[in-house]
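# Structure assessment
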Amino acid sequence: MSRLRGMTLTRMCAPYALWALHFLAIYSLQGLACARQLGRERVAGLEIMTWTMWGLTAVILAAIAWQAWRAGQIRRALLASDDAGRADHARRLFMVVLCLLGAAISALGVVFTASPLAMLQTCA
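So, here's what we can say about the structure. (Residues numbered from 1 in each chain as written. Predicted model: local features only at pLDDT ≥ 70, side-chain atom pairs only at ≥ 80, totals over all residues. Heavy atoms only, no water.)

## Structural notes on helix 1 (residues 9-36)
Between the first and last C-alpha of helix 1 there are 39 Å, a value that for 28 residues agrees with the 40 Å anticipated at 1.5 Å per step. Along helix 1, the sharpest kink reaches roughly 40°, centred on P15. Of all the residues in helix 1, the buried ones are R11, M12, A14, P15, L18, H22, I26, Q30 and A33. Against the buried residues of helix 1 lie helix 2 (48-80) and helix 3 (87-119). (Helix = DSSP H or I, 4+ residues; strand = E, 2+ residues; numbered from the N terminus. Expected span 1.5 Å × (residues − 1). Bend = angle between axes of the 7 residues up to and from the residue. Buried < 20%, exposed > 50% of the residue type's maximum accessible area, 1.4 Å probe, protein only. Contact = heavy atoms within 4.5 Å.)

Here it is as structure tokens:
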């Protein structure tokens, strides 16, 4: 029963917050690289700042995937319980579905935000 209570408004909004954090961090790091020449040295063909932004993107995508996995666990537990028809049960199931959809949209947004890293130089 404790697994069913794991769906909170904070957990539901976490993928969107991670997406916003990624957006802010990527563009801040890009600004620092261009304005202060921070991390412009090349290592293995790419600038250190580019490696940093790729690493940050990977970490954020992993965090979003973990949020989706947790929401999937809660969804399976909710579907296995026989509280069908109760308003609280339906509300939790709705929140889980919103969290899963939010994770998908957030992951797409993170990939879209990071796509210039693959196509452009750091300060192009």
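## Topic: the nonpolar core
Across soluble globular proteins, you tend to see nonpolar side chains buried next to one another. Judged by nonpolar contacts, M7, M12, A71, I74, L78, M95, V96 and C99 together constitute the single largest core of eight residues. The set of elements that each furnish at least two residues to this core consists of helix 2 and helix 3. Ignoring sequence-local partners within four residues, the contact set of M12 consists of M7, M95, L98 and C99. Ranked by size, the runner-up nonpolar core spans six residues in total, among them I26, A33, M53 and A114. (Core = buried A, V, L, I, M, F, W, Y, C linked by side-chain atoms within 4.5 Å.)

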